[in-house]
Amino acid sequence: MECVLLGSGGMMPMHYRMLTALVVRLKGCNYLFDSGEGTQIGMKASKAGVKSLRVLAVTHLHADHCLGIPGVLMLRAQVENPGPLTIIGPPKIEQFITQTRETLDFTINYNIEFIEWSPDHSEIAYQDESLKILWAPLKHSTFCLGYRIEENHRPGRFLVEQAEKLGIPPGPLRGMLQRGQSIHLDDGTEIRSEQVMGEPRRGRCLAYVVDTEPTENVLRLCDRADMAFIEGMYLPDLEQEARIKQHMTIDDATRIAISANVHQAVLVHISPRYKASDLPELEKTAKSACEKAEMGIDLNRYHIPFPD
Ligand SMILES: [Zn+2]
Ligand SMILES: [Zn+2]
């Protein structure tokens, strides 16, 4: 599992900092979170691959999170048979994309399935053979969703000692057991997979929460995440401005990282008021509040190791 941060900025794309968008790569598939103006530039620069894009998850309908969608959809239409795409997001995401397509009259060569948030939808927005994407409403000036990505459980470890004890010879029989099948020994004894496999192990877990006040749902989404991408828009001296505009400061983000016990926090959606030369000060502020926190950097790749 790898994440590619296409951009780390908020509000407007700057020549030194693109808008916040995140690609999660797992087993050859890409899952994109947000798509503000210029996201397709980041997709190309990072070689993230639009054909393998399976899901686009949108947090909210503010320009810096959704105006890049048409470009990404058109970019994907340039490859042959790219396969279906699922778009998940807030109410009206389907209307926004459908109307934009009609107005701009662009064609795409794949199906789009829309999944819009509604109060009676389950907390799982999407799932496939590799992962689940959970969502929860945040608190922003317009309806905004935060996301949590949970990799499916992995099979437990093969218990070699147990296998020895049961007289299972090394070789293909052990492989069958590891794949969940039952086997028969030469004397006819049946051995079931669960007799020699440990407990299933949890997969990796990520969070993506931007454009919000600090809330309970932010904490829930980030809970013990292996890596959390959290909004840290302002230095702490602008806390009041952050409250008025319903955004989070670096202090808010690091407090959440600590309370939610995340393994690593990457702070994103940085205000355009901070120039590239301000980054060391932002980084110092984040690190001094929480050593597991760091400021996001455009096009950085983050490898997420297994928890065990
Ligand atoms: Zn924003
Ligand atoms: Zn916003």
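The rules we used
Residues numbered from 1 in each chain as written. Chains lettered and ligands numbered in written order. Predicted model: local features only at pLDDT ≥ 70, side-chain atom pairs only at ≥ 80, totals over all residues. Heavy atoms only, no water. Helix = DSSP H or I, 4+ residues; strand = E, 2+ residues; numbered from the N terminus. Buried < 20%, exposed > 50% of the residue type's maximum accessible area, 1.4 Å probe, protein only. Contact = heavy atoms within 4.5 Å. Areas by Shrake-Rupley, 256 points an atom, 1.4 Å probe, with all protein chains shown as cover. Lys, Arg positive; Asp, Glu negative; His and termini not counted. Charge placed at Lys NZ, Arg CZ, Asp CG, Glu CD. Donors = N, O, S within 2.8 Å, 3.2 Å for Na, K, Ca; no water. Tetrahedral: all angles 85-135°; square planar, octahedral: opposite > 155°, others 65-115°. Domains from an automatic or database assignment. Salt bridge = Lys/Arg side-chain N within 4 Å of Asp/Glu carboxyl O. Pairing = 2+ DSSP bridges. Axes fitted to C-alpha atoms, helices over the stretch in contact; angles between N-to-C directions.

Turning to the overall build of the protein, a few remarks are in order. Check the secondary structure of the protein and you find 10 helices and 16 strands. With 308 residues in all, the protein has 51% of them scored as buried. Contacts in the protein between residues at least 24 apart in sequence constitute 64% of all its contacts with a sequence separation of at least 6. On the protein, roughly 14,300 Å² of surface is accessible, and the fraction owed to carbon and sulfur atoms is 51%. Positive and negative charge centroids in the protein, built from 33 and 41 side chains respectively, lie 3 Å apart.

Moving on to the coordination of the zinc ion (ligand 2). Bound to the zinc ion (ligand 2) on the protein side are His-60 (NE2), His-62 (ND1), His-140 (NE2) and Asp-211 (OD), at distances that span 2.2 to 2.3 Å. Each of the 4 donor atoms bound to the zinc ion (ligand 2) contributes to angles spanning 89 to 170°, and the resulting shape is irregular. All donors to the zinc ion (ligand 2) come from one chain, and their sequence spacing reads H-x1-H-x77-H-x70-D. Metal-to-metal, the separation of the zinc ion (ligand 2) and the zinc ion (ligand 1) is 3.6 Å; Asp-211 coordinates the two. Residue His-60 is located in the loop between strand 4 (53-57) and helix 2 (63-66), and its partner His-140 is located in the loop between strand 8 (131-137) and strand 9 (145-151); the two are separated by 80 residues in the primary sequence.

Let us look at unusual backbone geometry. The backbone of Asp-105 shows a phi angle near 55°, a positive value even though the residue is not glycine. For Asp-105, the location among the structural elements is in the loop between helix 4 (93-104) and strand 6 (112-116). Judged by relative accessible area, which is 65%, Asp-105 ranks as exposed.

This brings us to the domain arrangement of the protein. By the assigned domains, the protein splits into domain 1 (2-154 + 203-303) and domain 2 (160-195). Its C-alpha centre places domain 1 at a distance of 45 Å from the equivalent point of domain 2.

A complete count under the given rule lists 16 salt bridges for this structure. As a salt-bridge pair, Asp-128 and Arg-54 come within 2.9 Å of each other at their nearest N and O atoms. Taken together, the positions of Asp-128 in the loop between strand 7 (124-127) and strand 8 and Arg-54 in strand 4 put the pair 74 residues apart, joining distant regions of the chain. The buried category is assigned to Asp-128, whose relative accessible area is 15%. The partly exposed category is assigned to Arg-54, whose relative accessible area is 25%. Glu-213 serves as the salt-bridge partner of Lys-139, at 4.0 Å between the closest nitrogen and oxygen. With Lys-139 in the loop between strand 8 and strand 9 and Glu-213 in the loop between strand 12 (205-209) and helix 7 (216-222), this residue pair connects regions lying 74 residues apart in the sequence. Judged by its relative accessible area of 43%, Lys-139 is partly exposed. In this structure Glu-213 comes out as buried when scored by relative accessible area, which is 17%. One network of salt bridges, in which partners are shared, links Glu-239, Arg-243, Asp-252 and Arg-255.

What follows deals with the coordination of the zinc ion (ligand 1). For the zinc ion (ligand 1), the full set of protein donor atoms is Asp-64 (OD), His-65 (NE2), Asp-211 (OD) and His-269 (NE2), at a range of 2.1 to 2.3 Å. All donors of the zinc ion (ligand 1) belong to a single chain; written as a sequence motif, their spacing is D-H-x145-D-x57-H.

Turning our attention to the sheet that holds strand 2 (residues 21-26). If you trace the 7 strands from one edge of the open sheet to the other, you get 6-5-4-3-2-1-16, paired in mixed fashion. The outermost strands of the open sheet, each flanked by one partner alone, are strand 6 and strand 16 (301-303). Along the sheet, successive strands turn relative to each other by an average axial angle of 20°, direction set aside. Pairing of strand 5 (residues 85-89) with strand 6 involves 5 bridges; the strand directions are parallel. Of the residues in strand 6, the one forming a bridge with Ile-88 is Ile-115. Here helix 4 sits on the sheet and contacts strand 5 and strand 6; the angle it forms with strand 6, its principal contact strand, is near 145°.

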